[in-house]
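# Structural description and commentary
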Amino acid sequence: QVQLVESGGGLVQPGGSLRLSCTASGSIFRIDVMGWYRQAPGKQRELVATIRNDNSITYADSVKGRFTCSRNNAKNTVYLQMNSLKPEDTAVYYCHAQEVGRGYWGQGTQVTVSA
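## Here we look at the overall build of the protein
- The helix and strand inventory of the protein stands at 0 helices and 11 strands.
- Tracing the protein from N to C terminus, the helices and strands come up as β-β-β-β-β-β-β-β-β-β-β.
- Taking 115 residues into account, the globule formula puts the C-alpha radius of gyration at 13 Å, and the protein, at 13 Å, falls close to it.
- Counting over 115 residues, the protein shows a buried share of 43%.
- By sequence separation, contacts in the protein at least 24 residues apart represent 52% of the contacts at least 6 residues apart.
- With an accessible surface of roughly 6000 Å², the protein has 47% of that area assigned to carbon and sulfur atoms.
- Across the protein, the mean location of the 12 positive side-chain charges is 2 Å away from that of the 8 negative side-chain charges.

Next comes the structure, spelled out in structure tokens:
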């Protein structure tokens, strides 16, 4: 079993920045992909960014150029640097980790962008 613990959410003004972190612990075999998803009220959960073991990264079009996803494999940690935040970025952000045949979710961290 793998546990994911997120941190770094909060309230920020439009144009501001936040950095999210997520660390995996437990019975880790090999995590192939780590990443971030978000869910706004009344909407479906959507992909924000994912990063593979080879450091190839996929971003949602809505965050390209503003968000940066990175990973420290030695620490089983994934980061999401969020710059130029907009009110529409407000959501609960969830960390996700994918091993062969099984995926894991964190508990979520709230990000609110408001003046």
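## Some thoughts on the sheet that holds strand E1 (residues 2-7)
- With respect to topology, 4 strands assemble into an open sheet ordered E1-E3-E8-E7, the strand pairing being antiparallel. This sheet does not close on itself; its edge strands, each paired only once, are E1 and strand E7 (67-72). Adjacent strand axes in the sheet meet at a mean angle of 15° when their direction is disregarded.
- With 6 bridges connecting them, E1 and strand E3 (residues 18-26) associate as antiparallel partners. Paired with Val2 across the two strands is Gly26, which belongs to E3.

## Focus: the pairing of strand E8 (residues 77-82)
- Along E8, 5 of the 6 residues are buried, which leaves the element largely enclosed by surrounding structure.
- Both E3 and E8 contribute to a ladder of 6 bridges, which runs antiparallel. Across the sheet, the residue bridging to Ser21 is Tyr79, located in E8.
- Relative to E8, E7 runs antiparallel, the two sharing 6 bridges. Each bridged residue has a counterpart across the sheet, and for Thr68 the counterpart in E8 is Gln81.
- Counting the residues in the hairpin turn of E7 and E8 gives 4 residues, including Asn76, whose phi is positive at 50°.

Reading guide: rules and limits
Residues numbered from 1 in each chain as written. Predicted model: local features only at pLDDT ≥ 70, side-chain atom pairs only at ≥ 80, totals over all residues. Heavy atoms only, no water. Helix = DSSP H or I, 4+ residues; strand = E, 2+ residues; numbered from the N terminus. Rg over C-alpha atoms; globule rule 2.2 N^0.38 Å. Buried < 20%, exposed > 50% of the residue type's maximum accessible area, 1.4 Å probe, protein only. Contact = heavy atoms within 4.5 Å. Areas by Shrake-Rupley, 256 points an atom, 1.4 Å probe, with all protein chains shown as cover. Lys, Arg positive; Asp, Glu negative; His and termini not counted. Charge placed at Lys NZ, Arg CZ, Asp CG, Glu CD. Pairing = 2+ DSSP bridges. Axes fitted to C-alpha atoms, helices over the stretch in contact; angles between N-to-C directions.

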